[in-house]
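For reference, the chains in residue letters:
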Amino acid sequence: MFDLSVVAFDGLWLLVDEAGGELGAFASKAEALKAASDFAVLDQERRHVLIQDDIGEWDETVVDPPGVH
């Protein structure tokens, strides 16, 4: 199950939460995935992220919460 999506839209990458809506717009896919990782800190769980690029192709990845030092 995917609770987060990263979607290319109009030159930006949108991070979207299934339950909460849009979480932010980012200049690159890497920045959006970093934000998804930061979002994972809330419950310290890995997040499955669905990714849609600007031509409509879908991919998926898993992001881990950043380590706490």
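## With respect to the pattern of salt bridges
Pairs can form between side chains of opposite charge whenever their charged atoms are close.
Then step 1. Summed over the entire model, instances satisfying the criterion amount to one salt bridge.
Then step 2. Here aspartate 38 ties to lysine 34 by a salt bridge, and the two come within 2.8 Å at their closest N and O atoms. Here the residue aspartate 38 and the residue lysine 34 both occupy positions in helix H1 (residues 29-39), the gap between them amounting to four residues, near one helical turn.

## Quick word on the side chain of aspartate 17
Then step 1. Mapping aspartate 17 onto the fold places it in strand S2 (residues 12-17).
Then step 2. On the accessibility criterion, aspartate 17 (13% relative accessible area) is buried.
Then step 3. Other than its neighbours up to four places away in sequence, aspartate 17 contacts Asp3, Leu4, Leu23 and Phe39.

## A short note on the nonpolar core
Then step 1. By size, the foremost hydrophobic cluster in this structure holds 14 residues, and its most contacted members are Val6, Leu15 and Val49.
Then step 2. Listing elements by their share of this core, those giving two or more residues are strand S1 (4-9), S2, H1 and strand S4 (47-52).
Then step 3. Ranked by residues supplied to this core, first place goes to H1 with five residues.

## A few points about the pairing of strand S3 (residues 21-26)
Consecutive residues of a regular strand have side chains that alternate between opposite faces of the sheet.
Then step 1. Two strands pair when backbone bridges link them, and S2 and S3 are joined in this way by five bridges, in the antiparallel orientation. When the sheet's bridge partners are listed, valine 16 is paired in S3 with glutamate 22.

## Quick word on the sheet that holds S2
To summarise the sheet geometry, strands pair through backbone hydrogen bonds and adopt either a parallel or an antiparallel arrangement.
Then step 1. Taken in spatial order, the five strands of this open sheet run S3-S2-S1-S4-S5, and their pairing is mixed. In this open sheet, the two strands that pair with only one neighbour each are S3 and strand S5 (58-63). Neighbour-to-neighbour, the strand axes of this sheet turn through a mean angle of 25 degrees, independent of strand direction.
Then step 2. Across six bridges, S4 lies against S5 in antiparallel orientation. Its bridge partner being in S5, valine 49 is matched across the sheet by threonine 61.
Then step 3. Contacts from H1 reach S1, S2, S3, S4 and S5 within the one sheet, and its direction differs from that of S2 by about 20 degrees.

## Considerations on unusual backbone geometry
Then step 1. Here aspartate 10, not a glycine, exhibits a phi torsion of approximately 55 degrees, which is positive.
Then step 2. Looking at the secondary structure, you find aspartate 10 in the loop between S1 and S2.
Then step 3. Among the residues examined, aspartate 10 registers a relative accessible area of 73% and is labelled exposed.

About the criteria used
Residues numbered from 1 in each chain as written. Predicted model: local features only at pLDDT ≥ 70, side-chain atom pairs only at ≥ 80, totals over all residues. Heavy atoms only, no water. Salt bridge = Lys/Arg side-chain N within 4 Å of Asp/Glu carboxyl O. Helix = DSSP H or I, 4+ residues; strand = E, 2+ residues; numbered from the N terminus. Buried < 20%, exposed > 50% of the residue type's maximum accessible area, 1.4 Å probe, protein only. Contact = heavy atoms within 4.5 Å. Core = buried A, V, L, I, M, F, W, Y, C linked by side-chain atoms within 4.5 Å. Pairing = 2+ DSSP bridges. Axes fitted to C-alpha atoms, helices over the stretch in contact; angles between N-to-C directions.

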